[in-house]
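# Residue-level structure breakdown
The lines below spell out each chain.
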Amino acid sequence: MKLFVNNLTVIDYSYLCEERGMVGESLIVDIELDGSLNDECMVLDFGLVKKQIKAVIDDEVDHKLLIPAQNKCISFNILEESTQILLDRPEQLPIYLNCPHEAFALIDKDVVDENGIIEHLEAAIMKVLPENVTGLVLKLAAEPIFGAFYHYSHGLKKHDGNCQRIAHGHRSIIEIERNGEKDEALEHYWALRWQDIYLITEEDMVSSDDITVPEALEALRHVPNLYSVAYDAPQGRFELMMPADVCEILNFDTTVEQLTHFVAHTLANENVGDDISVIGYEGVDKGAMVCAKIEN
């Protein structure tokens, strides 16, 4: 007997990639459970699937930075209160983080992809399932998108939940209308501008001297064109060093509301007299809408 739940949840996360650096992503999760009927004539109560299994998925990978632990360009150092991660790629600037352990998920592969995440999650979920459930199939899929979208990573230090983690992200649609007409050129401009971007809140920028690095990595403090970002949040101290060419510095907290407002008002100032409407998504099926116009 099989039980299935489609669209069980969406995981929003970022991952480190040897080629692309830090990449924000959003994936839809479907699940199938195989087993015999229990005393309630169920494989597993749908309420438990949606609550218990979703909780495991959220705890393991959602709003985290996923690390390909077997990749030759990755090194990590697990301390008492934090984990230090270094992505050191040939001929490209490094990425370095020092964050609470909960900010990371170590995937025992040389790349982070859907198959590796599925293996990681299935092992964790099977530990909490009752004995009558003998099999589990997870399916991860990106939302079908037929227009413009971008991958971005960020952190929200004021957030009480897991959005405070400095390196999590989303794969997000952007929709733009100018004077009531869809403007694909503007959509694709923003998709390109924010492709694989890290969005920094300006007040979170610090000196490299404020970043905790092990003695063996002291040279990181002197690497040119590395931005240093750090803040204290309820979950602990978060620190990041990112190549400047994959960052954009913004003078506000990078919530989807603020990002959408920024895009709309930037376009309104560039297209005086035009009615601008922007829908910005944060991952799948959620986001913000802003209209703006600058009179002649």
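This one's a predicted model, so the numbers in the text were calculated from it and none came from an experiment.

## Structural notes on the pattern of salt bridges
As enumerated under the stated definition, the model contains 17 salt bridges in all. Two residues, Asp-232 and Arg-237, come together in a salt bridge whose shortest N-O distance is 3.3 Å. Under the relative-accessibility criterion, Asp-232 is labelled exposed at 55%. Connected via shared salt-bridge partners are Lys-157, Glu-203 and Asp-204.

## Focus on the environment of Arg-237
Within the element layout of this structure, Arg-237 appears in strand β14 (residues 236-243). In the structure, Arg-237 is positioned 126 residues away from Val-111 in sequence and 27 Å away in space, judged by C-alpha atoms. The residues touching Arg-237, leaving out its near neighbours within four places in the chain, are Asn-98, Cys-99, Pro-100, Asp-210, Ala-230, Tyr-231 and Asp-232. Reaching out from Arg-237, the side chain makes a polar contact with the backbone oxygen of Asp-210 at a distance of 3.3 Å. Polar contacts involving the side chain of Arg-237 include one to the side chain of Asp-232, which spans 3.3 Å.

## Observations regarding the nonpolar core
Counting 31 residues, the largest nonpolar core has Ile-31, Leu-33, Ile-53, Ile-57, Leu-66, Ile-117 and Ile-125 as its most contacted members. Mapped onto this core, the elements with two or more residues apiece are β1 (2-17), β2 (21-35), α1 (46-61), β7 (104-107), α2 (114-126) and β8 (133-141). Per-element tally for this core: the top contributor is β1, with 7 residues. Discounting chain neighbours no more than four positions away, the residues touching Ile-57 are Leu-8, Thr-9, Ile-11, Val-29, Asp-62, Leu-121 and Ile-125. Membership of the second largest hydrophobic core comes to 24 residues, among which are Ile-67, Ile-74, Ile-85 and Ala-167.

## Here's the deal with the sheet that holds β14
Read from one edge to the other, the open sheet built from 5 strands follows the order β4-β5-β6-β14-β13, with strand pairing classed as antiparallel. At either end of the open sheet lies a strand with only one pairing partner, and these are β4 (74-78) and β13 (226-233). With strand direction ignored, the average angle separating the axes of adjacent strands in the sheet is 10°. Where strand β5 (residues 83-87) and strand β6 (residues 95-99) come together, 5 bridges link them in antiparallel fashion. Within the sheet, the bridge partner assigned to Thr-83 lies in β6 and is Cys-99.

## Observations concerning helix α3 (residues 184-193)
All of the buried residues along α3 are Leu-186, Glu-187, Trp-190 and Ala-191. Each buried residue of α3 lies within a common arc of 140° when the element is viewed along its axis, so the set occupies one face. Away from its buried face, by an angle of more than 90 degrees, α3 presents the exposed residues Ala-185 and Leu-192. Tucked inside the fold, the buried residues of α3 contact β9 (149-154), β10 (168-178), β11 (181-182) and α4 (256-270).

Basis of the calculations
- Residues numbered from 1 in each chain as written.
- Predicted model: local features only at pLDDT ≥ 70, side-chain atom pairs only at ≥ 80, totals over all residues.
- Heavy atoms only, no water.
- Salt bridge = Lys/Arg side-chain N within 4 Å of Asp/Glu carboxyl O.
- Buried < 20%, exposed > 50% of the residue type's maximum accessible area, 1.4 Å probe, protein only.
- Helix = DSSP H or I, 4+ residues; strand = E, 2+ residues; numbered from the N terminus.
- Contact = heavy atoms within 4.5 Å.
- Polar contact = N/O pair within 3.5 Å; in protein donor to acceptor, adjacent residues only side chain to side chain.
- Core = buried A, V, L, I, M, F, W, Y, C linked by side-chain atoms within 4.5 Å.
- Pairing = 2+ DSSP bridges.
- Axes fitted to C-alpha atoms, helices over the stretch in contact; angles between N-to-C directions.
- Arc of directions from axis to C-beta.

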